[in-house]
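# Working through the structure, step by step
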Amino acid sequence: MKLTAAFMLLALCVALACAESKGSPDKGNELFDEQCASCHFAASVDVKVGPGLKLLFAREKLQSNGKPLTDANVLEKIEKGGSRMPAFKDTLSADDKADLIAYLKTL
Ligand code: HEC
């Protein structure tokens, strides 16, 4: 009985860990093409309207606000936008944003 409970707890932890790191780069790629590619190159660092996002996650800081390159700060950028970037807080779901971040990490 005790063992079953311990096992279930373990299974729950594994399930939660999976939920944490979910995010499909393929879906993110589709979203990027629809929502972001008009302003951002994915395969270059050249400026289109906004900065090119190639190797974004290899950088130390975001160019736009100098914050460290973390999932949370990229998410904040996507949600709040910027001076010339629209805010996507209400137009993208939490899953969409996780997919986008998973995709941005592949650039
Ligand atoms: C209308 C044009 C436009 C669209 C659409 C747009 N962006 Fe941006 N984005 C910008 C501009 C301009 C900047 C830089 C200046 C600023 O922050 O406003 C920027 C900055 C960023 C940055 C910060 C880069 C850095 O180094 O600071 C990220 C990350 C980003 N955009 C991701 C996205 C994603 C993901 C999408 C799609 C969901 C998106 N952008 C859609 C114009 C746009």
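Attention in this report is confined to the structure presented alongside it. (Residues numbered from 1 in each chain as written. Predicted model: local features only at pLDDT ≥ 70, side-chain atom pairs only at ≥ 80, totals over all residues.)

## A word on the site of the ligand
In the neighbourhood of the ligand, 21 residues make up the surrounding shell, with Cys-36, Cys-39, Gly-50, Ser-64 and Gly-82 lying closest. Per-element accounting of the shell around the ligand gives the leading share, three residues, to helix α3 (residues 71–80). Across the shell around the ligand, the residue classes break down as 11 nonpolar, eight polar and two charged. (Near = placed C-beta within 6 Å. Helix = DSSP H or I, 4+ residues; strand = E, 2+ residues; numbered from the N terminus. Nonpolar A, V, L, I, M, F, W, Y, C, P; charged D, E, K, R; others polar.)

## Quick notes on the packing of helix α2 (residues 25–35) against helix α4 (residues 94–104)
Interaxial distance between α2 and α4 falls to 7 Å at its minimum, and their mutual angle equals 100 degrees. Accordingly, the angle class assigned to the pair α2 and α4 is roughly perpendicular. Every residue of α4 that contacts α2 at Pro-25, Lys-27, Gly-28, Asn-29, Leu-31 and Phe-32 is listed here: Asp-96, Asp-99, Leu-100, Ala-102 and Tyr-103. Considering only residue class, the contact of α2 with α4 consists of six nonpolar, two polar and three charged. (Axes fitted to C-alpha atoms, helices over the stretch in contact; angles between N-to-C directions. Parallel < 35°, antiparallel > 145°, perpendicular 65-115°, else oblique. Contact = placed C-beta atoms within 7 Å.)

## Looking at the nonpolar core
With eight residues, the main nonpolar core is built from Leu-53, Leu-56, Val-74, Ile-78, Leu-100, Tyr-103, Leu-104 and Leu-107. Looking at this core, the elements with two or more residues in it are α3 and α4. For this core, the element with the highest residue contribution is α4, accounting for three residues. The contact partners of Leu-53, leaving out residues within four places of it in the chain, are His-40, Ala-42, Leu-104 and Leu-107. (Core = buried A, V, L, I, M, F, W, Y, C linked by C-beta atoms within 7 Å. Buried ≥ 20, exposed ≤ 12 C-beta atoms within 10 Å, placed from the backbone.)

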